[in-house]
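# Chains, contacts and geometry: an overview
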Amino acid sequence: MPLMEHLRELRNRLTKAMIALALGAVIGYLVYDLVWDFLVEPYCSLPESQVSGPDDCSLIVTGPFDAFFVAFKVWLFVGALASAPFWMYQLWAFVAPALHGREKRYAYIFAPFAALLFAAGAGLAYYITSYALTMLFGFLPEDADPFLTIGEYLDYMLIMMGMFGVGFVLPLLVALLNIAGILPHEAIAKWRRVIVFGAFLVAAVITPAEPISMLALAVPLVALFELAELFAFLNDRRKRRDDPYSDLDDDQISELDETPSELDGPDVGEQSGKRS
């Protein structure tokens, strides 16, 4: 299609995705109380000495619009999850015409794995939140009371769950790039130490300044990366076994055997004499 047709199709797909997100946000509005109770549960499970009161786990509000912004974020969060099948289909419908049959088959296989890995990462972030907050609040002096705002807590939860989910999906992207032939195993093995160091560095940057969250993200990332590297190794070995020329670069000159071979059948001179 011409460029303008692609842009029009992209606009239509985005419009449909935004409508689905808005309808999903309506669902978030209806289940807001249930979702908020779920998100605040890690904070409420802290020891009584580390919450705002001895008998409750109240979060404070410092501005008149804080409650609305928190609710709006939760609506969008639920809306994005509820409408995920629809807007992911719109994305797929826009990209699929450019893919070959084999690429589509791999996409159908890896899409469920990506969803499962993202859910596993988000679930891990939710699970370790209470331990992380317990360690962070443990540095408070005895005469200090922790007062956490409702907006800060929600941002912390969403960022942690989102970052953990995306981090768990990155090794799957490594496997996809290897299948596409963009990232061979040799390149992965060459940069293994840098990637492991980068996993710990990224985990230290996006998590709070305490070791529980950092290790909870970095260790699974390294383990998943090692699985991706093993997959790349086995996949490249299979390619070499099926195609001995798969390691050749597109611009590499192939080695040709210039030794003249004997012609089969009668001699060329004899054939020309018979013709005469």
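About the thresholds
- Residues numbered from 1 in each chain as written.
- Predicted model: local features only at pLDDT ≥ 70, side-chain atom pairs only at ≥ 80, totals over all residues.
- Heavy atoms only, no water.
- 1 Å grid on protein atoms, 1.4 Å probe; cavity = no way out; pocket = protein on both sides within 12 Å on 5 of 7 lines; lining within 4 Å.
- Points joined across faces, edges and corners; volume = space filled by probe spheres on them.
- Helix = DSSP H or I, 4+ residues; strand = E, 2+ residues; numbered from the N terminus.
- Nonpolar A, V, L, I, M, F, W, Y, C, P; charged D, E, K, R; others polar.
- Buried < 20%, exposed > 50% of the residue type's maximum accessible area, 1.4 Å probe, protein only.
- Polar contact = N/O pair within 3.5 Å; in protein donor to acceptor, adjacent residues only side chain to side chain.
- Contact = heavy atoms within 4.5 Å.
- Patch = residues over 30% accessible without salt bridge, like charges linked within 9 Å, V, L, I, M, F, W, Y side chains within 5 Å.
- Areas by Shrake-Rupley, 256 points an atom, 1.4 Å probe, with all protein chains shown as cover.
- Salt bridge = Lys/Arg side-chain N within 4 Å of Asp/Glu carboxyl O.
- Axes fitted to C-alpha atoms, helices over the stretch in contact; angles between N-to-C directions.
- Parallel < 35°, antiparallel > 145°, perpendicular 65-115°, else oblique.
- Left-handed = near helix turned anticlockwise from the far one by under 90°.
- Phe/Tyr/Trp six-rings, centres within 6.5 Å; stacked < 30°, edge-to-face > 60°.
- Core = buried A, V, L, I, M, F, W, Y, C linked by side-chain atoms within 4.5 Å.

### A word on the layout of surface pockets
Here the largest pocket is characterised by a volume of approximately 1600 Å³. Together, 41 residues line the largest pocket, and M88, F110, A111, A114 and V169 are the ones closest to its centre. Put simply, the parts of the chain that give the lining of the largest pocket at least two residues each are helix 2 (32-44), helix 3 (66-82), helix 4 (84-95), helix 5 (101-137), helix 6 (150-179) and helix 9 (211-242). Its residues assigned to classes, the lining of the largest pocket comprises 35 nonpolar, two polar and four charged.

### A few points about the side chain of N235
In this fold, N235 is placed in helix 9. Classification of N235 by relative accessible area gives buried; the value is 9%. Polar contacts involving the side chain of N235 include one to the side chain of N178, which spans 2.9 Å. Once you skip the residues sitting within four places of it in the chain, N235 turns out to touch N178 and I179.

### Points about the environment of I159
Following the sequence through the fold, I159 ends up in helix 6. Taking the C-alpha atoms as reference points, I159 and I206, 47 residues apart in sequence, are found 8.4 Å from one another.

### Things to note about a nonpolar patch on the surface
A cluster of nonpolar side chains, contributed by F118, V166, L170, L173, L176, L177 and I182, occupies part of the molecular surface with about 580 Å² of accessible area. Tallying contributions element by element places helix 6 first for the nonpolar patch, with five residues. Relative to the assigned elements, V166 resides in helix 6. On the basis of relative accessibility, which here comes to 45%, the residue V166 falls in the partly exposed class.

### Some details on the packing of helix 6 against helix 9
One can describe the packing of helix 6 onto helix 9 by two numbers: an axis separation of 7 Å at closest approach and a directional angle of 15°. The angle between helix 6 and helix 9 falls in the class roughly parallel. When you trace helix 6 past helix 9, the crossing you get is right-handed. Among the residues forming the contact of helix 6 with helix 9, the class breakdown is 17 nonpolar, four polar and two charged.

### With respect to the packing of aromatic side chains
Tallied over the full model, the rule gives ten aromatic pairs. Between W36 and Y153, the aromatic rings sit 6.5 Å apart at their centres with planes inclined by 85°, giving edge-to-face as the arrangement. Of the two residues, W36 sits in helix 2 while Y153 sits in helix 6, which places them 117 residues apart along the sequence. Owing to a relative accessible area of 14%, W36 belongs among the buried residues under this scheme. Taking relative accessible area as the criterion, Y153 reaches 1% and is therefore assigned buried. Pairing F68 with W75 gives two aromatic rings, centres 6.2 Å apart and planes at 85°, and the pair type is edge-to-face. W75 sits in the buried class, given a relative accessible area of 19%. In textbook terms, an aromatic cluster arises when at least three aromatic residues are bridged by ring pairs, as seen for Y29, F65, F68, F69, F72 and W75.

### Here we look at the pattern of salt bridges
The tally for this structure, following the rule as stated, stands at four salt bridges. Here R8 ties to E5 by a salt bridge, and the two come within 3.1 Å at their closest N and O atoms. Within this pair, R8 and its partner E5 are both found in helix 1 (residues 3-30), separated by three residues, close to a single helical turn. Accessibility expressed as a relative area gives 38% for R8, which makes it partly exposed. For E5, a relative accessible area of 35% corresponds to the partly exposed category. Salt-bridge contacts for E229 lead to R192; the nearest nitrogen and oxygen are separated by 2.2 Å. Remark: R192 occurs in helix 8 (residues 192-206) and E229 occurs in helix 9; sequence separation between them is 37 residues.

### Quick look at the nonpolar core
Counting residues in hydrophobic clusters, the biggest one holds 39 residues, and the most contacted among them are W36, Y43, L59, V74 and Y153. When residues of this core are traced back to their parent elements, those giving at least two are helix 2, helix 3, helix 5, helix 6, helix 8 and helix 9. At nine residues, the largest contribution of residues to this core is made by helix 6. Among the nonpolar cores identified, the runner-up in size contains five residues, and V174, I188, F225 and A232 belong to it.

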